[in-house]
Amino acid sequence: MDVTFPYTIRVKLPSDLEVIPPIRKFISEILVVSGFSAKFAFRSEIIVDAICNNAISYGSAGEAESEIEVSCEVYSDRFEVVVKDGGGSAPNIERLKEAIGARGAKSPIEEIESTGMGLEIVRLLSETMELSVDENNLTSIHVVRKREDVNPPA
Amino acid sequence: MVMDKKSSLTMEISSDEGYAEVAVLRVCGALDFSGITMLSNVFEKLFGEARPYVIVDMAGIESICSAALGEFMGYRKRFVEQGGNLVFAGLAGNVRSKLTLLGANKIFSFYQDVRGAVNAYRWDYKKHSKSVSIAFPSFLQFVPPVRQFASRLAKQNGYSAKDAFRIETIVDEVCNNAVEHGEAGKGSEVEIKVSINKEKIALSVSNKSDPDKVAVLKELVKPAMPVSHVGDDDKRGRGLALIKMLSNELDVEITERGTSVHVTKLREE
């Protein structure tokens, strides 16, 4: 049976940077078997890597037991990923808001501080990137990337 | 916190990582010859407090001299003798390069940040398990990425290529069964949970049952059916027989609502 769109892949991973490489590769391979190009899959893999890295490094408020949730919605014409973390500290959330919100336009790469480089790469590789923070400081980032090839599968 | 006024070097011990035996030493400034006495005093204090696992947070270090590195090596040996370790976390690029050039990476473990070092401690000393769960639509095309994920996770956590390949084969068989014999159609999902620690990997795969296949599946997993029952021409049950051969524990639960397979594989190498 052929893969039918849209579908969702949900991943829960521990707050451990070592788990990210297998996860990013997994999502890339899922996209390839769904008919997306290797280039699209690789770029999506970079997006997943950067957001998960941020979620683990800054969004888990030092809790070793906390989890990150990655939800990938795959449509025939786009890839959407939502990454939810266990809640960051107030200063980190402010930095995140600033990194996502303040730079409305794409900044020249030389103006970006090294700590905000991951999100800037995500911005370059995606169509939209939105941040939401709930009352418990739980953060989720929603990124949409549209496929580039001319004839997507139906 | 201790501070050397001449060089503005500071050292601070924290113990907020949840384990009494783990100490985080935050060092800021230039760690040169004049800071060695301060370093030595801090380590002696940690010995006195019986905290043999020391994470040196180097994020604030501007430079480090070879004599200071020698001091770290000497104390690392003593901490290891006490059943602990001394590891580095948060090394900036230039300091990391220098330490690597000096060959320190062959003696000390480097971690990206303190949390990474604490995770390593939990993994090595507390036999802590890492769990990843994946829910994917019930399509056979998704099984190869899932099996490769399990293999990569095992290798990433120090399992041998042979162990990783066996885990990959188990995941492939269990997930193929879940897709082929579980409920099909839009919205059907297979969920796999992989829990890995230093000694074993545990897999749980669950899916909704296909009502038409429940009776046949129950027959196949009857405990009375030995592995040798599977003949050369018998295609049914080979997957389960293979999983039994490759794993240390296999438990299958089949009900009208869902099927769950639990497999445990001990680390061999």
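Residues numbered from 1 in each chain as written. Chains lettered and ligands numbered in written order. Predicted model: local features only at pLDDT ≥ 70, side-chain atom pairs only at ≥ 80, totals over all residues. Heavy atoms only, no water.

*Asks:* Before we go on, may I ask you to explain the overall build of chain A in this structure?
*Replies:* A tally of helices and strands in chain A yields four helices and five strands. In chain A, the succession of α and β elements from N to C terminus is β-α-α-β-β-α-α-β-β. At a minimum sequence separation of 6, the contacts of chain A that also span at least 24 residues come to 63%. For chain A, the accessible area works out to roughly 7300 Å², and carbon and sulfur atoms hold 51% of it. (Helix = DSSP H or I, 4+ residues; strand = E, 2+ residues; numbered from the N terminus. Contact = heavy atoms within 4.5 Å. Areas by Shrake-Rupley, 256 points an atom, 1.4 Å probe, with all protein chains shown as cover.)

*Asks:* How do you make sense of the overall build of chain B when you look at a structure like this?
*Replies:* Within chain B one finds eight helices and 11 strands. Considered along the principal axes of its C-alpha atoms, chain B spans approximately 80 × 35 × 35 Å. When each of the 269 residues of chain B is scored for burial, the buried share is 49%. Counted over contacts in chain B with a minimum sequence separation of 6, partners at least 24 positions apart contribute 66%. Averaging the locations of the 36 positively and 35 negatively charged side chains of chain B gives two centres separated by 3 Å. (Buried < 20%, exposed > 50% of the residue type's maximum accessible area, 1.4 Å probe, protein only. Lys, Arg positive; Asp, Glu negative; His and termini not counted. Charge placed at Lys NZ, Arg CZ, Asp CG, Glu CD.)

*Asks:* I'm lost on the sheet that holds strand β4 (residues 128-133) of chain A in this one. Help?
*Replies:* Strand pairing within a sheet occurs via backbone hydrogen bonds; the two strands may be parallel or antiparallel. Here we have 10 strands laid out as an open sheet, ordered β4(A)-β5(A)-β3(A)-β2(A)-β1(A)-β7(B)-β8(B)-β9(B)-β11(B)-β10(B), and antiparallel in their pairing. At either margin of the open sheet sits one strand with a lone partner, and together these are β4 of chain A together with β10 (249-254) of chain B. Strand-to-strand twist in this sheet, taken as the mean axis angle between neighbours without regard to direction, amounts to 10°. As judged from the three bridges shared by strand β1 (residues 7-14) of chain A and strand β7 (residues 130-137) of chain B, these two strands associate in the antiparallel manner. For Val11(A), the partnering residue across the bridge sits in β7(B) and is Ile134(B). Against the sheet, helix α1 (residues 20-33) of chain A engages β1, β2 (67-74) and β3 (78-84) of chain A together with β7 of chain B, with an angle of about 170° to β1(A). (Pairing = 2+ DSSP bridges. Axes fitted to C-alpha atoms, helices over the stretch in contact; angles between N-to-C directions.)

*Asks:* Would you mind showing me how to read the packing of helix α5 (residues 143-156) of chain B against helix α6 (residues 161-181) of chain B here?
*Replies:* Axis angle and axis distance: for two packed helices, these are the angle between their axes and the distance between the axes, and together they describe the pair. Residues and elements named next belong to chain B. Between α5 and α6, the shortest axis-to-axis distance is 8 Å and the interhelical angle comes to 150°. As summarised for this structure, α5 and α6 are arranged roughly antiparallel, according to the angle between their axes. Read as a crossing pair, α5 and α6 show a hand that is right-handed. Two secondary-structure elements touch here, α5 through Val143, Val146, Arg147, Gln148, Ala150, Ser151, Ala154 and Lys155 and α6 through Ala161, Ala164, Ile167, Glu168, Val171, Asp172, Cys175, Asn176 and Val179. By residue class, the composition of the contact of α5 with α6 is 10 nonpolar, three polar and four charged. (Parallel < 35°, antiparallel > 145°, perpendicular 65-115°, else oblique. Left-handed = near helix turned anticlockwise from the far one by under 90°. Nonpolar A, V, L, I, M, F, W, Y, C, P; charged D, E, K, R; others polar.)

*Asks:* It is not clear to me how the packing of aromatic side chains should be interpreted in this structure. Could you clarify?
*Replies:* Two numbers describe a pair of aromatic rings. These are the distance of the centres and the angle of the planes. Residue and element names in this part refer to chain B. Enumeration according to the criterion identifies 18 aromatic pairs over all chains in this entry. Residues Phe43 and Phe79 carry aromatic rings whose centres are separated by 5.7 Å and whose planes lie at 75° to one another, so their mutual orientation is edge-to-face. Within this pair, whereas Phe43 is found in helix α1 (residues 36-48), its partner Phe79 is found in helix α2 (residues 66-81), the two being separated by 36 residues in sequence. For the pair shown, Phe43 and Phe79 are each scored as buried. Ring centres of Phe72 and Phe88 lie 5.1 Å apart, and the angle between their planes is 80°; this geometry places the pair in the edge-to-face category. Residue Phe72 is located in helix α2, and its partner Phe88 is located in strand β5 (residues 85-89); the two are separated by 16 residues in the primary sequence. (Phe/Tyr/Trp six-rings, centres within 6.5 Å; stacked < 30°, edge-to-face > 60°.)

*Asks:* Before we go on, may I ask you to explain the side chain of Asp172(B) in this structure?
*Replies:* All names here are of chain B. Its place among the elements puts Asp172 in helix α6. A relative accessible area of 14% places Asp172 in the buried class. Those residues in contact with Asp172, other than ones at most four positions away along the chain, are Val143 and Arg147.

*Asks:* Before we go on, may I ask you to explain the pattern of salt bridges in this structure?
*Replies:* Pairs can form between side chains of opposite charge once their charged atoms are near each other. Under the definition given, this model contains 23 salt bridges over all chains. Across the pair Glu148(A) and Arg145(A) runs a salt bridge whose closest N-O atoms are separated by 3.0 Å. Here Glu148(A) falls in the partly exposed class, since its relative accessible area comes to 42%. For Arg145(A), a relative accessible area of 3% gives the class buried. In this structure, Glu81(B) engages Lys77(B) in a salt bridge whose closest nitrogen and oxygen atoms are separated by 3.4 Å. On the criterion of helical spacing, the pair formed by Glu81(B) and Lys77(B) is a turn pair, its members being four residues apart in helix α2. Of the two residues examined, Glu81(B) and Lys77(B), each falls in the exposed class. Overlapping salt bridges bring together Arg24(A), Lys25(A), Glu45(A) and Asp49(A) as one network. (Salt bridge = Lys/Arg side-chain N within 4 Å of Asp/Glu carboxyl O.)

*Asks:* Help me understand the interface of chain A and chain B in this model?
*Replies:* Interface size, as often reported, equals the accessible area lost upon joining of the parts. The interface is formed by 35 residues belonging to chain A together with 28 residues belonging to chain B. Of the roughly 2700 Å² buried between chain A and chain B, counting both surfaces, carbon and sulfur atoms make up 55%. Where chain A touches chain B, the interface holds four salt bridges. Between Glu189(B) and Arg10(A) there is a salt bridge, and its shortest N-O distance comes to 2.4 Å. The set of elements that each furnish at least two residues to the side of chain A that touches chain B consists of β1 and α1 of chain A. Of the residues that constitute the side of chain A that touches chain B, the class distribution is 20 nonpolar, six polar and nine charged. (Buried area = accessible area lost by both parts, 1.4 Å probe.)

*Asks:* Help me understand α6(B) in this model?
*Replies:* Owing to its 3.6 residues per turn, the α-helix brings residues three or four apart onto one side. Taking 1.5 Å as the rise per residue, α6(B) with 21 residues should run 30 Å; its terminal C-alpha atoms sit 30 Å apart, in good agreement. Across the 21 residues that make up α6(B), a large majority, 15, are buried. (Expected span 1.5 Å × (residues − 1).)

*Asks:* Quick question: what am I supposed to make of the domain arrangement of chain B here?
*Replies:* Domain boundaries assigned for chain B yield domain 1 (2-125) and domain 2 (130-266). Using only C-alpha atoms to locate each centre, domain 1 of chain B and domain 2 of chain B end up separated by 43 Å. (Domains from an automatic or database assignment.)

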